[in-house]
Structures are given as C-alpha cells and as structure tokens.
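Summary of the model geometry
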Amino acid sequence: MIPVNSPVLGEKEKSKLIECIETGWISSEGPFVAEFEQKMASRVGKKYGIAVSSGTAALDIAIETLKLAPGDEVIVPSFTIISCIHQILRCGATPIFIDCDINSWNMTVEDVENAITPFTKAIMAVHIYGLPVDMLKLSALAEQHKIPIIEDTSQAIGLNCHSKPCGSFGAISTFSFYPNKHITTGEGGMLLTDCPDLAERAKSLRNLCFQKKQRFVHEELGWNYRMTNLQAALGIAQLEQLDEFIIRKKQIGVFYQTELANLDNLQKPLKKLDYAENIYWVFGLVVNQTNRHSAAEIMEALGQQGIGTRPFFWPLHLQPVLKQFGIQPKNALPNSELIAQNGFYLPSGLSLTDEQVEDVVSIVKKVIQ
Ligand SMILES: Cc1ncc(COP(=O)(O)O)c(C=O)c1O
C-alpha cells in the first residue's frame, strides 16, 4: 500500500529524542519547548509562540481568547476541519459559514465582507491544501472593521502569501504538527502572536489557568493542552528541514500536475494565485460530475490497487452535530458541497519515493481511463 501520508524522520530527530531521555526532560517543563516556540515564532515573524498538544487545542485556545458569548458571530469557511468551530460552539456563539472559491478551494475576501454584521467578533482564515487565503486583502478588510483574524496555518507551514509567511498575518495564528503536516511533532500544535497579553492568556489557558501566586486557586478554567519536551524535540529537528520538505512537496505536486494534465475529467489544484505559489500540502483532485464514476468509486478502485487516498473535508454547514447547538445554516454553499462530494487527494507524504509517485500516476491513469 502506498500510504496517503507518512512523515520523514531520521537521525536529527533520533538524537534530539535521545537527549530528552538521557537528561530526563520529557514533560512540558523541558527546555526544547521554549526553544521550539522561539524558533517557530522567528521563522514566521511573530513575537511569541505558545506550544500546545494539537492544532485543535491551538484553535480552542485562540477562540477562547476572544471571550465569545451567545449572539456573537465568527466567520468561518465551511470547507475546513471541525476543529475550527469546536470552541465557537461550546461558547454558545455562532459560526457564520461561507463558501470557498471553486478553483482555489479557499474562502474569498468578498464572501467574508458579505458575511460581516455588527455581531462579528472574529474572522477565521484557513489556508487550504497548499494555497493561501488572500491575507493582504483580508487584513485590510479586518482592519477597516476592527475585527481580529485567527489564521489557521495548519496546512500552510512554510507557505508564503504576498511574499510573507502564512501565519504572520493573523492577530493569532495557529498550527498543527500532526504527522501529515509539513513538520510534525507526532501530535502537537502552536499559537503565534505579537500581542504579549494574548500570549500570556494563551499560556495560562493551555496550563489549567494555574495562577502565579496561588497555583491551585483558579479564577477561570483552561485545559491541559501542554506540549511535551519529546514533541518539541521532534519539532526543532523537523523545523531545521522545513525548506527541504517544501521543495520535496512541490516536486511531488508538480510531477502529479504534469503527468495528470491530460485527464480532463479531473480538476487539478491551481498551480499558483496572483499572490502565492502552491506548495501542495496535499494533491487534491475533483472528479468532474459528468465522469462515469464517482470520487468514491475511484477511491475504492485506487485502494484495491494499493493507492491510499482521502476524501475532501465534509462541509461544516452540513455537519449533523450543529443541531445539538441549535444551529441550522440557512444557505446552501454550492462550491464547498460540490468539491466535498467529488474531491479526494492522492498520496502526498514526504516519505514517498520517486518510484512510488510514478506508480501512483500510472495507476491513477489506468483507473481513470
Ligand atoms: C486546517 C486545519 N486546522 C486544524 C487541524 C487540526 O489539527 P490537529 O489534528 O493537530 O488537532 C487540522 C488537521 O488536519 C487542519 O487541517
């Protein structure tokens, strides 16, 4: 089986992990956590890093810093992962879902603008599958309305937008280091911000809101979302290789683009936008509706030939769980629905060999034709 994703781990990671074991620093108190936070912040161009246990944890904390109440709204793309709305829902606030562009699969600034109301408390910008949201345009809009942006950069570590790193635009940006991401800590995540107060609050929320003077007296509730020294050790070793990883991801993406170019019944990812080049976090395909076979059938056939695939996200506005929170989105979001029903992605992991990528291409061609 050629897996849809698997990370590259080597000697650098091994020696950092051995250092943890030899020094006994395995908890979140270990020195690699602060080092990883500082290195990520400086790579992205932010002042403060707060390492946490997952990308979902980073989003929970980012949303909690907004102090949302019932009636408050957060604008969120429908085409993303459920993690983006967990804490919005739990606060009793309302996610306002917007559609994606049919070609870039990212939310558009026009749709954000149309969704702004007097109740909007934040905009969640999520970069999708290797291309970014237009963060310059979005930042100008957000600035005009004085609405903070949470920038979910989980799929865009090392991606540039208008020649600036993704993750450098939001009031808070969040990252996931799950093994399918550009760099991994196994499980893990991070928040970055320039604001010292937000950084302090995020640190407190990740650590059960212990107080400095009276540790076990709590004014509010947080979580144990701490990152361990073992995870941070991996993160530091991985971050050193980020540029190489991006080059490899692009190579795989460009190879798929070239080799699959003639399959007209499949929509391929855009190679670039005016303000960014695709780094192909994953290589997505959308099956043309006139095709004889559905995405599910094609994925099934590829699976039988040993090719791992994943379906696209299921749109958030269609999630059954929304009912539990009394939310029934009124509008259809046709682009998100269309790509969710017809989209899937090919093996895109960093450990793929050239031979495996060639095998994927030849089997995809066979199955599709
Ligand atoms: C855009 C986005 N945000 C958040 C997450 C959640 O990250 P984690 O799996 O580390 O909780 C993911 C995971 O794939 C993601 O793609």
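Scroll up to find the structure.
Source: prediction; values computed, not measured.

1. What to know about the nonpolar core
Phe36, Met40, Ile123, Leu138, Phe177 and Ile183 are the most contacted members of the largest nonpolar core, which has 49 residues in total. Of all the secondary-structure elements, those providing two or more residues to this core are helix 2 (31-44), helix 5 (109-115), strand 4 (120-126), helix 6 (135-145), strand 9 (189-193), helix 8 (229-239) and helix 9 (242-260). Broken down by element, this core gets its largest block of residues, six residues, from helix 2. Here this core spans two domains, and each of domain 1 (11-239) and domain 2 (242-368) adds at least three residues to it.

2. So, the site of the ligand
Surrounding the ligand, one finds 13 residues, the nearest of these being Gly55, Thr56, Asp152, Ser176 and Lys181. One of the backbone nitrogen or oxygen atoms of glycine 55 is found 2.8 Å away from an oxygen atom of the ligand. Within the side chain of serine 176, one N or O atom sits 2.7 Å away from an oxygen atom of the ligand. Starting from 390 Å² of accessible surface for the ligand in isolation, the protein chains cover 91%. With three residues, the single largest contributor to the shell around the ligand is helix 3 (residues 55-64). Counted by class, the shell around the ligand contains three nonpolar, eight polar and two charged residues.

3. Considerations on the packing of aromatic side chains
Each aromatic ring pair is summarised here by two numbers: the centre-to-centre distance and the angle between the ring planes. Using the criterion set out here, one finds 15 aromatic pairs in the structure. Directly above the aromatic system of phenylalanine 169 lies the positively charged group of lysine 164, at a separation of 4.6 Å from the ring centroid. A cation over a ring is seen here: arginine 215 above phenylalanine 210, with NZ or CZ 3.9 Å from the ring centre.

4. Thoughts on the environment of glutamine 319
Take glutamine 319: it is sitting in the loop between strand 14 (310-311) and helix 11 (334-342). C-alpha of glutamine 319 to C-alpha of glutamine 238: the two residues are 81 residues apart in sequence and 34 Å apart in space. Not counting residues up to four positions away in its chain, the partners in contact with glutamine 319 are Ile82 and Trp314. Side-chain polar atoms of glutamine 319 contact the backbone oxygen of proline 315, separated by 3.5 Å.

5. Thoughts on the sheet that holds strand 14
Pairing in this open sheet of four strands is antiparallel, and the strands run 10-13-15-14 from one edge to the other. Only two strands of the sheet have a single neighbouring strand rather than two, namely strand 10 (266-267) and strand 14. Here strand 10 pairs with strand 13 (residues 283-287) via two bridges, running antiparallel. Its bridge partner being in strand 13, leucine 266 is matched across the sheet by valine 287. Where helix 11 meets the sheet, its contacts fall on strand 13 and strand 15 (343-346), and the angle it forms with strand 15 comes to roughly 50°.

6. Things to note about helix 8
Summarising burial for helix 8: 10 of the 11 residues are buried, a large majority. For helix 8, the full list of buried residues reads Asn229, Gln231, Ala232, Ala233, Leu234, Gly235, Ile236, Ala237, Gln238 and Leu239. Residues of helix 8 that are buried make contact with helix 1 (11-23), helix 2 and helix 9.

7. Some words on the sheet that holds strand 9
Across the sheet, seven strands lie side by side as 1-9-8-5-4-2-3; this open sheet has mixed pairing. In this open sheet, the two edge strands, each paired with only one partner strand, are strand 1 (48-52) and strand 3 (94-98). Strand-to-strand twist of the sheet, defined as the mean angle between neighbouring strand axes without regard to direction, takes the value 20°. Here strand 2 (residues 73-77) runs beside strand 4; their pairing, made up of three bridges, is parallel. Looking at strand 4, one finds that isoleucine 75 is bridged to isoleucine 123. Those strands touched by helix 6 are strand 4 and strand 5 (149-152), and its axis lies near 160° from that of strand 5.

8. Remarks on the packing of helix 1 against helix 8
It is the contact of helix 1 with helix 8, at a shortest axis distance of 8 Å, that shows an interaxial angle of 150°. For the element pair helix 1 / helix 8, the angle class is roughly antiparallel. The crossing of helix 1 and helix 8 is right-handed. Residues Lys12, Glu13, Lys16, Leu17 and Cys20 of helix 1 form the contact with helix 8, whose participating residues are Asn229, Leu230, Ala233, Leu234, Ile236, Ala237 and Gln238.

Here is what the cut-offs are and how they apply
Residues numbered from 1 in each chain as written. Predicted model: local features only at pLDDT ≥ 70, side-chain atom pairs only at ≥ 80, totals over all residues. Heavy atoms only, no water. Core = buried A, V, L, I, M, F, W, Y, C linked by side-chain atoms within 4.5 Å. Buried < 20%, exposed > 50% of the residue type's maximum accessible area, 1.4 Å probe, protein only. Helix = DSSP H or I, 4+ residues; strand = E, 2+ residues; numbered from the N terminus. Domains from an automatic or database assignment. Near = heavy atom within 4 Å. Polar contact = N/O pair within 3.5 Å; in protein donor to acceptor, adjacent residues only side chain to side chain. Areas by Shrake-Rupley, 256 points an atom, 1.4 Å probe, with all protein chains shown as cover. Nonpolar A, V, L, I, M, F, W, Y, C, P; charged D, E, K, R; others polar. Phe/Tyr/Trp six-rings, centres within 6.5 Å; stacked < 30°, edge-to-face > 60°. Lys NZ or Arg CZ within 6 Å of the ring centre and 35° of its normal. Contact = heavy atoms within 4.5 Å. Pairing = 2+ DSSP bridges. Axes fitted to C-alpha atoms, helices over the stretch in contact; angles between N-to-C directions. Parallel < 35°, antiparallel > 145°, perpendicular 65-115°, else oblique. Left-handed = near helix turned anticlockwise from the far one by under 90°.

The values reported here are purely geometric and, on their own, carry no functional implication.
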